[in-house]
Amino acid sequence: MSKGAYALTTPIYYVNAAPHLGTAYTTIAADALARYERMNGYDVSFVTGMDEHGQKVADTAAAHDMEPQEWCDSMEPAFRDAWDMLDITYTDFVRTTEPRHAETVRKFWNNLYEKGFLYKGAYEGWYCVHEETYYAESDLEKDEDGVYVCPDCKRPVQKTSGEENWFFKLSDFEDKLLEFYEENPDFIRPVTRKNEIVSFVKSGLKDLSISRSTFDWGVPLPFDEGHVAYVWADALLAYLTGIGYSDPERAAEYEAAWPMQYHFVGKDIIRFHCVIWPAMLMAAGMPITHTVFGHGFLLTKGEKMSKSRGNALKPADLVEVFGVDPYRYYFLSDVQFGHDGSISIERMVQVYNADLANTWGNLVSRVFNMTNKYFDGVVPTPPAGAEDNPLAEIAVDLYKEYDEAMANVDFSAAAAAVQKLASRVNLYVEDSAPWNLAKSEETADELAAVIYNALEAIRIIALFMAPFMPTTSNEVFNRMSLGDITDITDIEAASAWGQLTPGLSVETGTPLYPRLDVDAIDFSLE
């Protein structure tokens, strides 16, 4: 029986370039949580997509001698192929140029227009095309030539003077937002992001331009066709489109999935998600997503990874070296979600060899080989009392520890909890020395107990590794004749000790994670 709906999103990604490690990082994290909550009994909605409107996209298309729609269409395979490669299990991929999304934008903003939250005015100020953000002059920085530049991307900004815009009365929501943050302390995570947002709102909010009238690459507003929705007034609404907000045939899905549990975003866009977005929803009379989690940046050699800096590695480059599952595991286990994280190929090799080749992969290989050698490749029948063992003592608390970590989106802690059991199984095998037990009939029952317990622990480890490394976890299940691991919808019950059926075939197979030779790795990728 389902525990109910569980919904989460990545950002709706700009289409000015193909996905890099930063965008893949957010997406893998969301996918790991989506996979876990499916195994935990929830009906999961997982929304991602492409942000295709705005001046930046139009400029990028022009730079490639293409029309904006043509450019966006050409970028769709780059995103879909990247997410397919990384085993991302999204339930809806929203393109903001789709008619269904245009309907969402028109419906939402027409509602706010009719409620009196919009007014027409002229915008005077500064605009950064790259960040698609308006800035007050006091927010800007100057470069070495004295030119005003964006405080975020350091590019020159444009002075806009007298452009007719529609404005959203954001300033009306200053006190409401502060009250909401106080009453919902988990809305902004981690807490460092919350402090930043509270300080920003307390400094005073200005009404927000939600339209542009100097170009037409966007969704026309229904109450003024000469204006198109400002890119953020468009893209944020894709979260609603992805669960059926404007589709009568998906009304039940929308009612179940909204409000969502999580928006996963980079820390550079939390103001849009933690100030503008909740204010928009308040104005519409709609409930607000439970949590916006603003994770940190990936750093290479101390610098933020980004397309503009030219240090944005392609996921495919690393997948070619490490494989998909180890790629996913490294970024989820070794980079603390929520903080900036320094990454390097050297460290990836270390984690791969220590956690995967030497610990988890080696455990599977040696226990499956001994099952084949001592029990003709079938799960032995454990003797009475075999359930009293140090592995079961760890396993009994694993669901609780893992579930708490995943609820806190602490992927590193979740991975560490599983590795603790994997390491203990390796030690258990060493201490029990089945190769010696196999020498005498007098210790046959003890040998059966050791191998059964090791196999049962492997079964449980595979369950909890599945959100991180779905392919190899499923491979372990298949080799143990346990079926498809994605069929699990109650991981708490499935991970209870003692459910491995004696007599099942166990296939040895090839090593899951062949050890990597550091000297053979091409470090020029960095």
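Use the structure listed above.
Residues numbered from 1 in each chain as written. Predicted model: local features only at pLDDT ≥ 70, side-chain atom pairs only at ≥ 80, totals over all residues. Heavy atoms only, no water.

I'm lost on the pairing of strand E14 (residues 224–229) in this one. Help?
Every other side chain in a regular strand lies on the same face of the sheet, so the side chains alternate between the two faces. Sheet topology note: the strand E12 (residues 211–212)/E14 ladder contains two bridges and is antiparallel. Bridged to Ser211 within E14 is Ala229. With two bridges joining them, strand E13 (residues 220–221) and E14 adopt antiparallel strand pairing. When the bridges of E14 are listed, Leu221 appears paired with Asp224. (Pairing = 2+ DSSP bridges. Helix = DSSP H or I, 4+ residues; strand = E, 2+ residues; numbered from the N terminus.)

Which parts of the structure should I look at to understand the environment of Val149?
Looking at where Val149 falls in the secondary structure, it is placed in strand E8 (residues 148–149). With a relative accessible area of 4%, Val149 lands in the buried category. Considered as a pair, Val149 and Cys128 are 21 residues apart in the sequence and their alpha carbons are 8.3 Å apart. Discounting chain neighbours no more than four positions away, the residues touching Val149 are Leu140, Glu141, Lys142, Asp143, Lys154, Arg155, Pro156 and Val157. (Buried < 20%, exposed > 50% of the residue type's maximum accessible area, 1.4 Å probe, protein only. Contact = heavy atoms within 4.5 Å.)

What's the story with unusual backbone geometry in this structure? I'm lost.
When glycine is set aside, most residues are seen to have a negative phi, and most peptide bonds are trans. Note the cis peptide between Arg189 and Pro190, where omega equals -10°. Tracing the chain through its elements places Pro190 in the loop between strand E10 (188–189) and helix H6 (191–202). In this model, Trp258 is joined to Pro259 through a cis peptide bond whose omega is 5°. With respect to the element layout, Pro259 can be found in the loop between helix H9 (251–257) and strand E15 (262–266). Positive phi, normally seen in glycine, also occurs at Asp87, with a value near 60°. Backbone geometry at Ala433 places phi at a positive 50°, although glycine is not the residue there. Within the secondary structure, Ala433 is located in the loop between helix H16 (411–432) and helix H17 (434–437).

Help me understand the environment of Phe173 in this model?
In this fold, Phe173 is placed in the loop between strand E9 (158–168) and helix H5 (174–183). Among the residues examined, Phe173 registers a relative accessible area of 3% and is labelled buried. Taking the C-alpha atoms as reference points, Phe173 and Glu98, separated by 75 residues in sequence, lie 31 Å from one another. Those residues in contact with Phe173, other than ones at most four positions away along the chain, are Phe117, Phe168, Ala279, Met282 and Ala283.

Would you mind showing me how to read helix H2 (residues 55–63) here?
Since one α-helical turn is 3.6 residues long, residues separated by three or four positions face the same way. Those residues of H2 lying buried are Gln55, Lys56, Val57, Ala58, Thr60 and Ala61. Backbone geometry just downstream of H2 places Asp65 in the positive-phi region, at approximately 55°.

It is not clear to me how the nonpolar core should be interpreted in this structure. Could you clarify?
Soluble, globular proteins show a tendency: their nonpolar side chains are buried together. The biggest cluster of nonpolar side chains holds 115 residues, and the ones touching the most others in it are Trp83, Phe264, Phe331, Trp360, Phe411 and Phe468. Sorting elements by how many residues they give to this core places helix H18 (residues 444–465) first, with 15 residues. Not counting the four nearest positions on each side in its chain, Phe411 is found in contact with Ala29, Ala32, Leu33, Phe264, Leu332, Phe337, Met406 and Phe468. In this structure, Tyr123, Tyr134, Trp232 and Phe272 belong to the second largest nonpolar core, which totals 68 residues. (Core = buried A, V, L, I, M, F, W, Y, C linked by side-chain atoms within 4.5 Å.)

The quantities given are spatial measurements derived from coordinates; they are silent on function.
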